Amino acid sequence: MTDQPIGVFDSGIGGMTVVKELFDTVPGESIVYFGDTARLPYGTKSVETVRRYAREDTELLLAHDVKMIVVACNTVSATALDEVERMARGIPVVGMIGPCAAEAVKTTKNGKIGIIGTEATIASGAYEAAIREESERAAKPCTTWSAACPLFVPLAEEGWTDHLATELIAEEYLKGLREKGIDTLILGCTHYPVLSEVIQRTMGTRVTLVNSGAAAAKLVAEILEREHEGEEGASPAPLPQEGRVQHKVLVSDVPRKFQTIGERFLGRKLPDAKHVVWKEAWTVER
Ligand code: DGL
């Protein structure tokens with residue numbers, strides 16, 4: 001596994017919430033990040049379109065010789081993880097849904113879990129299915145309620161973390177879930193942790209927010225640990241060497257804005273975001 005970078009992608013700034021977790025859990029690893037800002041949002045698009053974007057995003061990361069792909073987008077994780085895995089040809093792929101569902105089942109005390117995400121993620125039912133599986137495995141009965149919160153994505157992209165408009169929209173989206181008496185709320189879109197203060201205030205302090213990126217970053221650390229230890233009998237894979245950490249940020253549009261909001265969110269400098277362009281050929285559907 002060595003010095004090769006970990007590839008991470010999302011439609012935009014959301015995946016930075018996962019990168020923030022990766023900086024904590026695997027600080028010695030280089031990251032190549034792709035934010036598909038030209039085609040954002042993904043969550044309002046059809047499954048076919050998201051699956052095509054997922055293939056193209058994966059191709060870009062594979063061209064950067066990544067050793068693992070983190071799908072830092074719940075929408076892609078819910079609708080196209082199999083496409084990414086197929087293209088990755090054996091390199092590990094970490095999605096958001098499984099680790100986050102497991103964390104939510106572990107966290108809840110009253111078995112009442114809320115899920116918020118994009119329209120595509122909520123429509124897919126992927127979280128409900130993963131929670132059902134986890135709660136059966138853990139013999140811990142759980143009930144779920146969900147709500148799509150599409151406007152949270154542009155608010156996060158705008159950096160409106162503490163704005164009256166965000167408060168009002170959060171109240172409108174979340175009051176139904178609050179009334180159900182949930183004690184755990186899955187932030188099932190990687191953009192949402194950018195707004196976690198407003199979401200927490202709206203839900204109240206008795207509700208625990210579960211961040212999909214944090215749960216996935218733990219899994220990344222476990223996979224790397226396993227790889228470093230090596231297969232039984234094989235010699236362990238070398239650890240990345242200190243001082244060799246080099247991150248890259250790629251975006252498909254307006255790199256400057258991405259940089260400003262990304263750095264504000266991470267609270268640290270990012271390497272200059274590079275503009276990449278997908279050269280596609282249009283075909284007319286018959
Ligand atoms: N951050 C992504 C997610 O986790 C996508 C948001 C969007 O582009 O709609 O679903």
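Okay, so let's go over this structure. (Residues numbered from 1 in each chain as written. Predicted model: local features only at pLDDT ≥ 70, side-chain atom pairs only at ≥ 80, totals over all residues. Heavy atoms only, no water.)

## Section: the side chain of Lys67
At step 1: Tracing the sequence through the fold places Lys67 in the loop between helix H2 (47–62) and strand E3 (68–71).
At step 2: In this structure Lys67 comes out as buried when scored by relative accessible area, which is 3%.
At step 3: At 3.4 Å, the side chain of Lys67 and the backbone oxygen of Gln4 are in polar contact.
At step 4: Of the polar contacts made by the side chain of Lys67, one reaches the side chain of Glu29; its length is 2.5 Å. (Helix = DSSP H or I, 4+ residues; strand = E, 2+ residues; numbered from the N terminus. Buried < 20%, exposed > 50% of the residue type's maximum accessible area, 1.4 Å probe, protein only. Polar contact = N/O pair within 3.5 Å; in protein donor to acceptor, adjacent residues only side chain to side chain.)

## Details of helix H1 (residues 16–25)
At step 1: Burial of H1 is extensive: seven of the 10 residues sit out of reach of the surface.
At step 2: Along H1, the residues that are buried comprise Met16, Thr17, Val18, Val19, Glu21, Leu22 and Phe23.
At step 3: If you follow the buried residues of H1, they end up packed against strand E1 (6–10), strand E2 (31–35), E3, strand E8 (208–211), helix H11 (212–229) and helix H12 (255–266). (Contact = heavy atoms within 4.5 Å.)

## Focus on the packing of aromatic side chains
At step 1: Counted under the stated rule, the structure contains four aromatic pairs.
At step 2: Ring centres of Tyr33 and Phe258 lie 5.8 Å apart, and the angle between their planes is 35°; on these two criteria the pair is classed as tilted. Of this pair, Tyr33 sits in strand E2 while Phe258 is found in helix H12, placing the two residues 225 residues apart along the sequence.
At step 3: Among the residues examined, Tyr33 registers a relative accessible area of 1% and is labelled buried.
At step 4: Take Phe258: its relative accessible area is 4%, and that puts it in the buried class.
At step 5: Judged by centre distance (5.3 Å) and plane angle (90°), the rings of Phe152 and Tyr173 are edge-to-face. Here Phe152 is found in helix H8 (residues 152–158), whereas its partner Tyr173 is found in helix H9 (residues 164–179), with 21 residues between them in sequence. Judged on exposure class, the residue Phe152 and its partner Tyr173 are both buried.
At step 6: The structure contains a cluster of three or more aromatic residues connected by ring pairs, namely Phe152, Tyr173 and Tyr192. (Phe/Tyr/Trp six-rings, centres within 6.5 Å; stacked < 30°, edge-to-face > 60°.)

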